[in-house]
Structures are given as C-alpha cells and as structure tokens.
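Chains, contacts and geometry: an overview
Each chain, written out:
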Amino acid sequence: MKTITTLELEQSKCTGCGRCIEVCPHNVFQIRNKKAEIIHLLDCMECGACQKNCQAQAISVEVGVGCAAAMMISALTGQEAACGCGSDKTKTLQNTSCCG
Amino acid sequence: MFWIRGNKKTVITINKEGDLKMNRKTAVTNILSNVTGIDINGIEYPDSTDQSEKTKIWSQTRIYKTDSHFDFYDTLNQWKYRWGIGRMNAIVTPGLWALGTPDENSPVLVSANYRMSFDVLRKNLEGDNAWILVLDTKGINVWCAAGKGTFGTEEIVRRVQTSELEKKVKHHRLIVQQLGAPGVASHEVEKQTGFRVVYGPVRAKDLPAFLDTGRVTSSMRLVTFNLAERVILIPMELRFVFLPVLLATIILWFVTGPTIALSIAGIMITGIAIPVLHNILPGKWLTTKGAFWGFLQALVISLILPMSIWQFIPFLAANVSASAFIALNFTGATTYTSVNGVRQEIKTVIPWIAVGIVTALSIWIIQFVWKFI
C-alpha cells in the first residue's frame, strides 16, 4: 500500500529562492548546494503551494483536495471534486467538516 | 448605497445602480462584497455578522476597527461554529481593518473573511497594533479558500488597491498566513502591487513570536494534527448522524434485536473513536484504522452481548465496513491527505466495503424472512 504522489521537482530550473520551503506545510523540501531537493516525498499532500509560488516553474504537482467525500460525490454527480464550502454548485457538501 | 433594516428577515438595499433588493441573504452578500469600493458612511451591519461594539466602522476612511478582546459572545460564536451552527453566515466584512491603533510602520496581516479565522487572528494579536487586510473568501477559512483560489493572488491585489494600502503604510510587506500559499503566487502579488509577500506561521498563536523576531521557525511552518486539533472536529462529524442514529438504534433494538441496532450505533462510536484514537490505530490509511476499529468494536460488543456465529458474522461485517467508510470520510477533515492518495484509497477499499455491507445485509434479510416462514 505505497502512497502515491504526483509531486515533481526539476532541479535544473531551480534558482534556490527557498519559497517552496517557506510554503510547504509538511516539510517536503530542503535547500542543498543552493538548489531545492525533495526530502520527504511521501508527506506531500498535493496542496500545490510550492508550485504556485515557484517563480522558476520548477515544480509540478496535480493539485486537489484529499477529501474522499468530495471525490465520491463528484463521481456520483459528475461535478468537479471540490470542498463544497463557499460554492453554490456543490451544496450537498457544504456541511462537511473539512470547511472549518 | 444604503440599506434599511426592517424585521429580521428582510433587508432592503439600493445599490449604486439603483437596483432594489429585498432578500436578506443576497442583500448582505452584496453589501459585504461591494462595501469597500463605495462610501460606507452611515451603513449599519446586519445582525448575523457584526453587531458588537468592536466592529463599528471608522467612518469616511473606509477602515473598520477591531481589537483583541474576546468576550462571552465571541466564545459562544466559536462554540457554535464548531457545531456547524451559523457557520455559513459567519462572515466578516472584507476590507482593511485596524486592530488597535496601527500606524504607517505597523505590520499588515492578510486574512480570510470567515469569522472564526478572523477571530483567532485578532485574539492572538493582543497588545499589538496591526492592519488586517480581510479578503472576500465567501466566509471560508484560509486553507480551504486558498485551495479554491478565492483566497488568492487576484483578490489580494484587488484588496490592496481598493484599500489604498500604500497610503496607509510606509513598508511594502504583506504577511500572509502560510496556509494561504496554495492560492497565492507571491511573485505575482509583488509584481502587481509592489508589496512583498512574507508567509507567516501556520498557527496564529505563533504570530507574536514571529512579529518580534521576524523569523518563522521550521516548527511554525509544519501543519500538525494533534489530539486537541482532532477532538475539536468531532461535533461536525456527529451533528448530522447523532439523532437519526440514536433513533434508529432504539427502534431497531425492539424490532430486530440488539445486534443490528448496535451495528447502527457503532457509526456514532466510530465517529468519535477515529479522531480520538487516530494516532494509536494501526495503518497509514484512514480506512485501515477504521476497519481495525470496527473489528475491535464488534469483538468487544460480542463479548458483552453473547451472540451465535450467524449473528456475529453479519455484525462483524457491518461494523468493519461501516467504520472503514466513516474513517474514509474523515480524510477531508485531516491535514495530510492528498488527492492522489485518497483516490487510490477509494479505489482499493470501496469494493471491500461493498462486499462487507452486502454480506451483512443479505444475512440479516435471510434471517428476518426466515423468522416469518
């Protein structure tokens, strides 16, 4: 049961600015020799903060919510999987505990 | 623009274009999203959001005033939101807020307009003077809103401009809560506004230390999921199932006997056990933890309430499957699950849960029909 993640870092593009380390909530990156490197890949929760804040566009990750309820409802209704909160489209999910 | 407050249900608003709106909810939303761009002199607040003294407007300057004081009303509100009461209307007016008496050197903190996010922020800034730039995140907390992009680059840029922030402060620094980062491209914000984004600590309680030292330690950057953080989620997990499950348990106890009734009651126990025992239960996946708990639960109950093997098998199957499913639904409330991880978990586990439920149901139905033949 190996957990998978889509996080990838293209080190050749990295400028070593350290933004990824600043934004990562799970300590996935570190800087060594002025380049970022992934040290805890399996801790990645695919929130996309690093990708969004990487000016050099060295990071890629499939971003989404790790919420089973959202995904199952999305599979049943054909709507996009998202936390229901704050969206008129997915009213059914508005009261899940993730929003809070 | 102005609005007149009638009874609790009705608000009449007339916006700049002269449109008349009578619906309370749309009126409130419209006011909240438009208020910073228009002269807000003389506008009162809707009773569901900002009625206390501390949230009165500093008229003419388009700055709202707040402080760090936390009274009974605030505490009650927080308790309510934890139970999901009034949560979707827990909205703070977006715009620039003054906490205490900030000046041109005071820090600018960016927050969401979910009441609980805002309250936690101001509560932890006791004794400080600061600007709080509240984004319009539709009443959603920073992390969830960042995931949706409502707490994002565009909204920050818009708020910085409409609040004329550069006239209020000399420095060019925005302190954004770190969990807002999935929605904010810091380099874009800097390019478009001239303000440099500094990601502050994850937890508001670390803010005073951060403001003093200007440094965020690596532990302040790390998201945790400790016992207190998990237990606080239980009310939201239980609030919808509590009454129906209690009712079903009582009815089924008399109609079908205790085993089926207790299988249903197990749903509630699991809802409490998963958050509490999260770190003790085995397995990396939540479903593994849930299935293990369901097994344990069935075993303990079968010891207290002796049952035959044909009572025990469906009871075990129902408990294990239901607990695994409930645990699976807890993924959205955790702070570490990823979209691809959960997708893999769903694909692997759902067939087994289905097998368990079908097994339990078919044996129960056969037994139930058998009794009448």
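What comes next concerns the included structure.

Quick notes on the rules
- Positions within a chain are numbered from 1, following the residues in the order the chain's sequence is written.
- For this description, chains carry letters from A and ligands carry numbers from 1, given in the order in which they are written.
- Local features in this predicted model are restricted to residues of pLDDT 70 or higher, and side-chain atom pairs are both shown and tallied only at a pLDDT of 80 or more, whereas totals for entire chains, interfaces and linings draw on every residue.
- Side-chain metrics in this entry use all non-hydrogen atoms of the structure; hydrogen atoms and water are not considered.
- Under the DSSP-based scheme used, a helix requires at least four consecutive residues in state H or I and a strand at least two consecutive residues in state E, with every element numbered from the N terminus.
- Only the protein chains shown count as cover for residues, and the accessible areas themselves come from Shrake-Rupley with a 1.4 Å probe.
- Throughout this description, buried means an accessible area under 20% of the type-specific maximum (1.4 Å probe, protein chains only), exposed means over 50%, and partly exposed covers the range between.
- A pair of aromatic rings is counted whenever rings of Phe, Tyr or Trp (Trp by its six-membered ring) have centres within 6.5 Å, and the orientation is called stacked for planes under 30 degrees apart, edge-to-face for over 60 and tilted otherwise.
- Both a distance and an angle decide whether a charge sits over a ring: NZ of Lys or CZ of Arg must be within 6 Å of the ring centre and within 35 degrees of the ring normal.
- Axes, fitted as lines to C-alpha atoms, cover a helix only where it is in contact. Angles between the N-to-C directions of the axes lie from 0 to 180 degrees.
- Any angle that is under 35 degrees is reported as roughly parallel, and any over 145 degrees as roughly antiparallel; angles of 65 to 115 degrees are reported as roughly perpendicular and all others as oblique.
- In this scheme the crossing of two helices becomes right-handed for a clockwise turn of the near helix relative to the far one and left-handed for an anticlockwise turn of less than a right angle.
- Should any heavy atoms of two residues lie within 4.5 Å, those residues are counted as being in contact.
- Should DSSP find at least two bridges between two strands, the strands are regarded as paired.
- Seen with its strands pointing away from the viewer, a crossover is right-handed if its path from the first strand over the helix to the second goes clockwise.
- Note on terminology: a nonpolar core comprises buried Ala, Val, Leu, Ile, Met, Phe, Trp, Tyr and Cys residues joined through side-chain atoms within 4.5 Å.
- Any Lys or Arg side-chain nitrogen found within 4 Å of a carboxyl oxygen on Asp or Glu counts as a salt bridge.

Comments concerning the overall build of chain A
Looking only at helices and strands, chain A features 3 helices and 4 strands. Traced from its N-terminal end to its C-terminal end, chain A shows the element sequence β-α-β-β-α-β-α. Just so you have it, chain A exposes about 5200 Å², and 50% of that area is on carbon and sulfur atoms.

Digging into the environment of I232(B)
All names here are of chain B. Checked against the element boundaries, I232 lands in the loop between helix 10 (227-231) and helix 11 (234-238). Among the residues examined, I232 registers a relative accessible area of 37% and is labelled partly exposed. In the structure, I232 is positioned 149 residues away from W83 in sequence and 9.4 Å away in space, judged by C-alpha atoms.

Section: the packing of aromatic side chains
Residue and element names in this part refer to chain B. A complete count under the given rule lists 7 aromatic pairs over all chains for this structure. Ring centres of W79 and W83 lie 6.1 Å apart, and the angle between their planes is 50 degrees; this geometry places the pair in the tilted category. Ring centres of F368 and F372 lie 5.4 Å apart, and the angle between their planes is 65 degrees; on these two criteria the pair is classed as edge-to-face. Note that F368 and F372 are positioned in helix 16 (residues 339-372) at a spacing of 4 residues, about one turn of the helix. Look at F372 and you get exposed, because its relative accessible area is 64%. Members of the aromatic cluster, joined through ring pairs, are Y64, W97 and F118. Directly above the aromatic system of F70 lies the positively charged group of K123, at a separation of 4.5 Å from the ring centroid.

As for the packing of helix 2 (residues 72-82) of chain B against helix 3 (residues 115-123) of chain B
Residues and elements named next belong to chain B. It is at 10 Å that the axes of helix 2 and helix 3 come closest, and there the two elements cross at 135 degrees. Our classification of the angle between helix 2 and helix 3 gives oblique. Crossing of helix 2 over helix 3 shows left-handed handedness. Two secondary-structure elements touch here, helix 2 through Y73, D74, N77, Q78, Y81 and R82 and helix 3 through R115, M116, D119, V120 and R122.

Observations regarding the pairing of strand 7 (residues 108-111) of chain B
A regular strand places its side chains on the two faces of the sheet in alternate fashion. All names here are of chain B. Neither face of strand 7 is left uncovered, since the one carrying V108 and V110 and the one carrying L109 and S111 both have all their residues buried. With 4 bridges joining them, strand 7 and strand 8 (residues 130-134) adopt parallel strand pairing. Residue pairing across strands places V108 opposite W131, the latter belonging to strand 8. With respect to chirality, the unit in which strand 7 leads through helix 3 into the neighbouring parallel strand 8 is right-handed. Where strand 7 lies against strand 9 (residues 173-177), 3 bridges are found, and the strand directions are parallel. Bridging from a neighbouring strand, V108 pairs with L174 of strand 9.

Thoughts on the nonpolar core
Residues and elements named next belong to chain B. Counting residues in each nonpolar core, the largest one holds 48 residues, and the members touching the most others are F151, I156 and L174. Top contributing element to this core by residue count: helix 4 (residues 142-148), with 5 residues. Sequence-distant contacts of L174, defined by excluding residues within four places in its chain, comprise V108, V110, I156, V160, L165, V189, F195, R196, V197 and V198. If you look at the next biggest cluster of nonpolar residues, it comprises 18 residues, including F118, A130, F210 and M220.

A few points about unusual backbone geometry
Working note: non-glycine residues mostly have negative phi, and peptide bonds are mostly trans. In the Ramachandran plot, E46(A) falls in the positive-phi region, its phi being about 55 degrees despite a non-glycine side chain. Relative to the helices and strands, E46(A) resides in the loop between strand 3 (35-38) and helix 2 (49-53). Residue classification places E46(A) among the buried residues on the basis of a relative accessible area of 0%. Of note, K138(B) is a non-glycine position whose phi angle comes to about 60 degrees, a positive value. Position of K138(B) relative to the elements: it lies in the loop between strand 8 and helix 4.

A word on helix 3 of chain B
The buried count for helix 3 of chain B comes to 7 of 9 residues, which makes it a mostly enclosed element. Residues R115(B), M116(B), S117(B), F118(B), D119(B), L121(B) and R122(B) constitute the buried set of helix 3 of chain B.

Details of the pattern of salt bridges
All names here are of chain B. A complete count under the given rule lists 18 salt bridges over all chains for this structure. Notably, a salt bridge pairs R122 with D119, separated by 3.0 Å at the nearest N-O pair. Placement of both R122 and D119 in helix 3 is noted, with a separation of 3 residues, approximately one turn of the helix. Each member of the pair, R122 as well as D119, is classed as buried. Counted as one network, the salt bridges with shared partners bring together D74, R115, D119 and R122.

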